[in-house]
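Close look at the chain arrangement
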Amino acid sequence: MAASAPTPHATGFPAEGRCGYYVEKKKRFCRMVVAAGKRFCGEHAGAAEEENARKRILCPLDPKHTVYEDQLAKHLKKCNSREKPKPDFFIQDINAGLKDETEIPEQLVPVSSLSEEQLENLIKKLRKASEGLNSTLKDQIMSHPALHDALNDPKNGDSATKHLKQQASILGNIEKLKLLGPRRCFVEFGAGKGKLSHWVDIALKDAEKVHFILVEKVTTRFKVDGKHRKKNSVFERLQIDIQHLCLNKIPVLSKEKLPVVGIGKHLCGMATAF
């Protein structure tokens, strides 16, 4: 546990209006804003005598933050991690795969444990399922002029350059497929900060009637979609797991009947299985 006062290794003082709790692990003072007349923020006040020794406990909804024990009931009613009413486009496990229990194997077994006959049957099923499929995948590394200036910014580090190249390639491929145009809805799965949609919007310039739906299951900081002010583009963010997302129930898609273009820069294998 970090000490609530500077250690011999500490230098300087907390910034004005900031918490006076010294975080030993980070070798600096806590940067949270404190209430008027207080020395410590709510997170660290439990260690301070001036807070009358009120006990802080882990929030049962999200143990990443704490709350005064005597205010728990009040906190649970407004905690950001509380369960909220489900929207119409939330349908439990709609993209979770098979529903018929008779079609789901009782247990997963390694291929090496199959008998010769079982292995032959499995190979026959796989060959039948893959008939007619073009299984040859080729790298299509492309670029797009919308990211030209950003890619050539000398301030870019290796990480920024890597992400920009990936976004430029995705845009180039979208354009090659003739999907980059007006009067459609781009659904970004696993949107994170929303930077891919940001660059699609830049590439579209003044295209009419473009709607962006950014799907992300967790709260995200430093989002870029809130900075867009173009009249012809609308950004909407949905906090939901793809597993439970029914696109047909999203109001703008059910009412406007816009063609949908699904995009994504980072999705795990399970998220791409629906």
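Residues numbered from 1 in each chain as written. Predicted model: local features only at pLDDT ≥ 70, side-chain atom pairs only at ≥ 80, totals over all residues. Heavy atoms only, no water.

The chain has the name tRNA:m(4)X modification enzyme TRM13 in an unreviewed UniProt entry, where Equus przewalskii is given as its organism. According to its UniProt record, the chain has this under Function (unreviewed entry): "tRNA methylase which 2'-O-methylates cytidine(4) in tRNA(Pro) and tRNA(Gly)(GCC), and adenosine(4) in tRNA(His)." (UniProt positions renumbered as here; feature names shortened; annotations may be inferred.)

1. Brief notes about the sheet that holds strand β7 (residues 233–239)
Where strands meet in a sheet, backbone hydrogen bonds hold them as pairs that are either parallel or antiparallel. Pairing is parallel across the open sheet formed by four strands, whose spatial order is β7-β6-β5-β8. Every interior strand has two partners, whereas the edge strands, β7 and β8 (260–263), have only one. Averaged over all pairs of adjacent strands, the angle between strand axes in this sheet comes to 20°, irrespective of strand direction. One ladder, built from four bridges, connects strand β5 (residues 184–189) with β8; its direction is parallel. What sits directly across from cysteine 185, in β8, is valine 260. Each of β5, β6 (210–216), β7 and β8 is contacted by helix α5 (residues 195–204), which is oriented at about 170° to β6, the strand it contacts most. (Pairing = 2+ DSSP bridges. Helix = DSSP H or I, 4+ residues; strand = E, 2+ residues; numbered from the N terminus. Axes fitted to C-alpha atoms, helices over the stretch in contact; angles between N-to-C directions. Contact = heavy atoms within 4.5 Å.)

2. Digging into the packing of aromatic side chains
All chains considered together, the criterion is met by three aromatic pairs. Ring geometry for phenylalanine 186 and phenylalanine 212: centres 5.5 Å apart, planes at 20°, overall stacked. Placement of phenylalanine 186 in strand β5 and of phenylalanine 212 in strand β6 is noted, with a sequence separation of 26 residues between them. Residue classification places phenylalanine 212 among the buried residues on the basis of a relative accessible area of 0%. Ring geometry for phenylalanine 212 versus phenylalanine 235: centroids 4.5 Å apart, planes at 15°, classification stacked. One end of the pair, phenylalanine 212, is in strand β6; the other, phenylalanine 235, is in strand β7, and 23 residues separate them in sequence. The rings of Phe186, Phe212 and Phe235 are connected pair by pair, giving a single aromatic cluster. Geometry around tyrosine 68 places arginine 56 over its ring, the cationic atom sitting 4.6 Å from the centre. The ring centre of phenylalanine 90 lies 5.3 Å from the NZ or CZ of lysine 86, which sits over that ring. (Phe/Tyr/Trp six-rings, centres within 6.5 Å; stacked < 30°, edge-to-face > 60°. Buried < 20%, exposed > 50% of the residue type's maximum accessible area, 1.4 Å probe, protein only. Lys NZ or Arg CZ within 6 Å of the ring centre and 35° of its normal.)

3. Considerations on the UniProt feature "domain: CHHC U11-48K-type" (unreviewed entry) in the chain
On the UniProt side, "domain: CHHC U11-48K-type" (unreviewed entry) is annotated at positions that read residues 56–83 here. When the span residues 56–83 is considered, its composition is 25% helix and 21% strand, and the gap between its end C-alpha atoms is 22 Å.

4. Examining the nonpolar core
One finds Leu171, Leu180, Phe186, Val200, Leu204, Phe212 and Ile263 to be the most contacted residues of the largest nonpolar core, which totals 21 residues. With five residues, α5 is the single largest residue contributor to this core. Once you skip the residues sitting within four places of it in the chain, leucine 171 turns out to touch His144, Ala146, Leu147, Leu196, Trp199, Val200 and Ala203. Formed by 15 residues, the second largest nonpolar core is a distinct cluster that contains Cys185, Leu238, Ile242 and Leu258. (Core = buried A, V, L, I, M, F, W, Y, C linked by side-chain atoms within 4.5 Å.)

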